[in-house]
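# Examining the three-dimensional arrangement
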Amino acid sequence: MKPMYYLDEKTYLAFAIRKKELQLLNQQTLAGHSHIFQNNQLLTLSRSESVAPVEVTRRLTLRHVQSDFKTNALSTRNLVYCDDDVNSMLSSLCCVFMVAQAFALCPVRGITGRRAEDLSFTWRSIRVFYTIVVILALVVSLGFSFTWFLIVGFTFTTSGAIMFYVTGLTCCVLFLKLATKWPEVAMLWQQTEHNQIRYGYPTNLRLKIRAMTAVILTLALVEYVLSNANRMYIASQCSTGTFDLVRRYIMVTHRHVFGVIGYTTFMALFTSIVSVISSFYWSYADMFIMLVSIALASRFRLLNYHLKEVRGKVMPECFWRSAREDYNALSHLTSSVDSCVSSIVLLCFATNLFFICQQLLNSINRSLNTIQIVYFYVSFGYLLLRTIAMALYAASIYDESRVAKEVLYAVPAHSYQVEVHRFLIQVATDNVALTGLNFFPVTRTVLLTLAGTIVTYEVVLVQFGTTSDSSSSNMTALCLDLTTVHYIQ
């Protein structure tokens, strides 16, 4: 079925003002000038015709609006509102939220709808119940982790399990908080898209987001499989048979659980499911920030393309006022989105920093075999690539918000007006960007800061913790530890 189009009075008037941008003419201007510039096209008025300025404005407005409406109103995409454009925010991020809800994240109803009005959140829903069950499971696993490390001693090298479940639990809670605000943000986003429908929708936005989702989740799956292959290799060194291999593999993977309680099939299944969910959260949080940043930056890119078309040209003041209002709407949208996701941004940077430092330290302190070397390079490369990609995509919002300065600097001197000055001041002074809970804006300089922090922490960790935990590095001790846990409990 073809999409339905309509052209309401507001859109019609906005088109008329933006396309022709008629300036009010006074009697003095008419006496001294016989030409009026409209979008760099010369319209000639007859000097012999004695017409009041208001009447001239009315005639010019009617003449050009009627002409443009007949030729462009129903054929130009910039003038129509497509109710189900596939590249709108809701359509583009639909698959992302479907994947999230399969793992109990962002329990919002109506994610498959075409309009923001279809979205809603209520605490009395099966989605929220599913999320709360997962949160309780993560709390239980985190409790086992704390108990285990109170028994064996807490070190930075062996603290990965605690940080792993802290990340999963925090991520689930933050996305639950996001779900309570997302319908309002989606409504504001949709309103912004409709008010700026003359720019159209970003080209192939849904395709880009789906491709990015598939690539990141595939890489996450490969990393997870290699991680389990590495643990299976460790378990095989202590195993005496096929059934014993599975049991020891689960013990190696979840030592923080079976070092506290005895091995049971139910607990093995429980810990395995929770581990898969936490692993997904670790990658999904970064991916979500990337995809939201792509969608936001694409809106700024549409405005910038519109501004670049008039670079260096003489444009009336109402054109710049309209462009500034559009920019201000996008700035407000970015601020609203940031108020919802800033805590997730901070979580992503903090956890990535921790795991990068831990992997580097473990690789320095351990003698690795072939399987462990392959796993280390794949896992570390994926983590580093994902961190850099998240930072760059989030920083693209800030980069796109500054592009308008180049156009404003190129405005001819004789057409530099109040609206141009206001627009330039706003672009130059506003920090339109995602933030880490308002502690820092995400720009390209964050990568340099992150790299310097990693180097500093790594040097400190190497100086004060050069030896790994003996039960982890010594295979004989590890096998004895697993055997003791199995037979005593």
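Definitions and cut-offs
- Within any chain, residue numbers begin from 1 and follow the written order of that chain's sequence.
- Local features in a predicted model are, by the rule used here, given only for residues with pLDDT of at least 70; side-chain atom pairs are given and counted only at 80 or more, and totals for whole chains, interfaces and linings are based on all residues.
- Here the side-chain values reflect all heavy atoms present in the structure, with hydrogen atoms and water set aside.
- For helices the rule is a DSSP run of H or I covering at least 4 residues; for strands it is a run of E covering at least 2, with both sets numbered from the N terminus onward.
- Buried, partly exposed and exposed residues are distinguished by accessible area as a fraction of the type maximum, computed with a 1.4 Å probe on protein chains only: under 20%, between the cut-offs, and over 50%, respectively.
- Note on terminology: pairs of cysteine sulfur atoms within 2.5 Å are recorded as disulfides.
- The patches reported here contain residues having more than 30% relative accessible area and no salt bridge. Joining distances are 9 Å for like charges and 5 Å for nonpolar side chains (Val, Leu, Ile, Met, Phe, Trp, Tyr).
- With residues, only the protein chains shown are counted as cover, and all accessible areas are computed by Shrake-Rupley using a 1.4 Å probe.
- The rule for a salt bridge is simple: a side-chain nitrogen of Lys or Arg has to be within 4 Å of a carboxyl oxygen of Asp or Glu.
- Polar contacts here mean pairs of N or O atoms no more than 3.5 Å apart (in protein, one a potential hydrogen donor and the other a potential acceptor; neighbouring residues in sequence count only if both atoms are side-chain atoms).
- Working rule for contacts: check all heavy atoms of both residues, and any pair within 4.5 Å makes them a contact.
- Cavities and pockets were defined on a 1 Å grid built from protein atoms only: a cavity is a group of points that admits a 1.4 Å probe but offers it no way out, a pocket is an open group of points flanked by protein on both sides within 12 Å along at least five of seven lines, and a lining residue is one with an atom within 4 Å of any such point.
- Grid points are joined across faces, edges and corners, and a volume is the space filled by probe spheres set on the points.
- Think of each axis as a best-fit line through the C-alpha atoms, taken over the contacting stretch in the case of a helix, with angles from 0 to 180 degrees between the N-to-C directions.
- Angles are sorted into four bins: roughly parallel if under 35 degrees, roughly antiparallel if over 145, roughly perpendicular if 65 to 115, and oblique for all others.
- Rotating anticlockwise by less than a right angle from the far helix to the near helix defines a left-handed crossing, while the corresponding clockwise rotation defines a right-handed one.
- Ten residue types, Ala, Val, Leu, Ile, Met, Phe, Trp, Tyr, Cys and Pro, are classed as nonpolar, four, Asp, Glu, Lys and Arg, as charged, and the remainder, Gly among them, as polar.
- The predictor attaches a confidence to each residue, and that confidence, scored 0 to 100, is pLDDT.
- To define a nonpolar core, start from buried Ala, Val, Leu, Ile, Met, Phe, Trp, Tyr and Cys residues and group those joined through side-chain atoms within 4.5 Å.
- Any two of the Phe, Tyr and Trp rings considered here, Trp counted by its six-membered ring, make a pair once their centres fall within 6.5 Å; the pair's planes then place it as stacked at under 30 degrees, edge-to-face at over 60, or tilted in between.
- Criterion for a charge above a ring: Arg CZ or Lys NZ at most 6 Å from the ring centre, at most 35 degrees from the ring normal.
- In this analysis, the expected span of each helix is defined as 1.5 Å times one less than the number of residues it contains.
- Fitting one axis to the seven residues ending at a residue and another to the seven starting there, the bend at that residue is the angle between the two axes.

So, on to the overall build of the protein chain. Check the secondary structure of the protein chain and you find 18 helices and 2 strands. Put simply, the protein chain has 489 residues, and 50% of those count as buried.

What follows concerns the state of the cysteines. A complete count under the given rule lists 0 disulfides for this structure. Free of any disulfide, C95 has its nearest cysteine sulfur in C94, 6.8 Å distant. You can see C348 has no disulfide; the closest cysteine sulfur is in C171, sitting 7.1 Å from it.

Where nonpolar side chains cluster on the molecular surface, the patch consists of I126, F129 and V133 and spans about 320 Å² of accessible area. Turning to its location among the elements, V133 is positioned in helix α6 (residues 126-152).

With respect to the element layout, N87 can be found in the loop between α3 (53-72) and α4 (89-92). On the basis of relative accessible area, N87 is assigned to the buried category, the value being 11%. At 3.5 Å, the side chain of N87 and the backbone oxygen of P202 are in polar contact. A polar atom in the side chain of N87 sits 3.0 Å from the backbone nitrogen of L205. Non-local contacts of N87, meaning those with residues more than four positions away in its chain, are made with S92, Y201, P202, N204, L205 and R206.

The next thing to look at is empty space enclosed by the protein. Using the criterion set out here, one finds 4 cavities of 30 Å³ or more in the structure. What the second largest cavity holds in volume is close to 60 Å³. Of all the secondary-structure elements, those providing two or more residues to the lining of the second largest cavity are α4 and α5 (94-102).

With that settled, consider the packing of helix α7 (residues 160-195) against helix α11 (residues 265-308). The N-to-C vectors of α7 and α11 enclose an angle of 30 degrees; their axes lie 10 Å apart at closest approach. With respect to each other, α7 and α11 are oriented roughly parallel. For α7 against α11, the interelement crossing comes out left-handed. Here the residues of the contact of α7 with α11 are counted per class, giving 16 nonpolar, 5 polar and 2 charged.

Turning to the confidence of the model for the protein chain, a few remarks are in order. Looking at the protein chain as a whole, its pLDDT mean stands at 79, while 75% of the residues score no less than 70. For the stretch residues 466-477, pLDDT sits under 50, and the model shows 17 contacts to residues farther than four places along the chain or on other chains.

This next bit is on the nonpolar core. In globular proteins that are soluble, nonpolar side chains generally tend to be buried together. Counting 111 residues, the largest nonpolar core has F175, W182, Y281, F288, I289 and W320 as its most contacted members. Looking at this core element by element, the count peaks at 21 residues for α11. Residues in contact with I289, not counting those within four places in the same chain, are V341, I344, V345, C348, M390, A394 and L434. Counting residues in hydrophobic clusters, the runner-up holds 10 residues, among them I250, V257, F258 and A268.

Our focus in this paragraph is the environment of F355. Looking at the element boundaries, F355 is found in helix α12 (residues 317-365). The exposure class of F355 is buried, given its relative accessible area of 8%. Along the backbone, F355 and M163 are 192 residues apart, and their C-alpha atoms lie at a distance of 8.7 Å. Filtering out sequence-adjacent residues up to four positions away, F355 remains in contact with G160, M163, F164, T167, W282 and L383.

Attention now goes to the environment of L303. Within the secondary structure, L303 sits in helix α11. C-alpha separation for the pair L303 and Y327, spaced 24 residues apart in sequence, amounts to 7.6 Å. Contact partners of L303, with chain neighbours within four places excluded, come to Y199, A323, D326, Y327 and L330.

Further remarks concern the packing of α11 against helix α13 (residues 370-401). At a minimum axis distance of 8 Å, the contact between α11 and α13 shows a crossing angle of 25 degrees. Considering the angle they form, α11 stands roughly parallel to α13. Of the two possible hands of crossing, α11 and α13 adopt the one that is left-handed. In this structure, α11 contributes W282, S283, D286, I289, M290, S293, I294, L296, A297, F300, R301 and N304 to the contact, and α13 contributes Y382, L383, R386, A389, M390, Y393, A394, S396, I397, E400 and S401. Among the residues making up the contact of α11 with α13, the classes are represented as 14 nonpolar, 5 polar and 4 charged.

A few words now on the packing of aromatic side chains. A complete count under the given rule lists 21 aromatic pairs for this structure. Ring-pair connections join several aromatic residues into one group, and the members of that group are F97, F103, F175, W182, F280, Y281, Y284 and F288. Taking the ring centre of W282 as reference, the NZ or CZ of R386 above it sits at 4.5 Å.

Of note, S343 is situated in helix α12. Residue classification places S343 among the buried residues on the basis of a relative accessible area of 16%. When residues no more than four places from it in sequence are discounted, the contact partners of S343 are L174 and L437.

Attention now moves to unusual backbone geometry. Its identity as a non-glycine residue notwithstanding, A104 has a phi of 70 degrees, on the positive side. For A104, a relative accessible area of 1% gives the class buried. Despite not being glycine, L437 has its phi angle at roughly 55 degrees, a positive value. Structurally, the position occupied by L437 is in the loop between α15 (418-429) and α16 (445-464). Note on L437: relative accessible area 40%, which makes it partly exposed.

The next point concerns α11. Every α-helix winds through 3.6 residues per turn, so residues three or four apart in the chain are directed the same way. Taking 1.5 Å of rise per residue, 44 residues should cover 64 Å, and α11 covers 64 Å from first to last C-alpha, within 8% of that figure. Maximum bend of α11: about 25 degrees, positioned at Y284. Along α11, 34 of the 44 residues are buried, which leaves the element largely enclosed by surrounding structure.

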